[in-house]
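# Summary of structural features
Given next are the chains, with one letter for each unit.
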Amino acid sequence: MVTVSSTKTYRCTLVAKGMVNKSDIQLFTYNYLQFLKKLGAVDITAFNKKSYQLAYPIQKINNVTFIEFAFTISPKALDELKRNIKFDDVVLRSFLVKN
């Protein structure tokens, strides 16, 4: 059990490819919400931002979706989150900051 004093608030932004319709974005977001809960995160919020056209391509992809999560979690669980993001083929870039 993680105590409240050992948790910190973080914000994670994912740049995802291959999201052609709203249900794809919702399913992707839901899967990450469930994963964060499994890691012990609380106070989770997610913001699905619309698709954007990038100024320059990343891995030959121009159209991406930004998904932002805010959550409170133990810093020890972040390694597992980073590993999961690293091996996710849909995620082109990620940005994790402490609030």
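Structure: above.
Residues numbered from 1 in each chain as written. Predicted model: local features only at pLDDT ≥ 70, side-chain atom pairs only at ≥ 80, totals over all residues. Heavy atoms only, no water.

### Points about the side chain of T13
- One can find T13 in strand 1 (residues 8-16).
- In contact with T13, other than residues within four places in its own chain, are F66, I67, E68, R93, S94 and F95. (Helix = DSSP H or I, 4+ residues; strand = E, 2+ residues; numbered from the N terminus. Contact = heavy atoms within 4.5 Å.)

### Brief notes about the nonpolar core
- Of all hydrophobic cores here, the largest spans 21 residues; its most connected members are L14, F28, F71, I73 and L81.
- Within the residue set of this core, elements represented by two or more residues are strand 1, helix 1 (22-38), strand 3 (61-73) and helix 2 (78-86).
- Contact partners of L81, with chain neighbours within four places excluded, come to F35, L36, L39 and F71.
- Counting residues in hydrophobic clusters, the runner-up holds five residues, among them V15, L54, I58 and L92. (Core = buried A, V, L, I, M, F, W, Y, C linked by side-chain atoms within 4.5 Å. Buried < 20%, exposed > 50% of the residue type's maximum accessible area, 1.4 Å probe, protein only.)

### Digging into the environment of T45
- Locating T45 in the fold gives a position in strand 2 (residues 42-58).
- Spatially, the C-alpha atoms of T45 and N99 are 14 Å apart, while their sequence positions differ by 54 residues.
- Once residues lying within four places of it in the same chain are set aside, the contact partners of T45 are E68, F69 and A70.

### What about unusual backbone geometry?
- Its identity is not glycine, yet Q59 carries a phi of approximately 55 degrees, on the positive side.
- Tracing the chain through its elements places Q59 in the loop between strand 2 and strand 3.
- For K60, which is not glycine, the phi torsion reads 65 degrees and is therefore positive.
- The residue K60 is located in the loop between strand 2 and strand 3 in this model.
- Judged by relative accessible area, K60 falls into the exposed class, the value being 80%.

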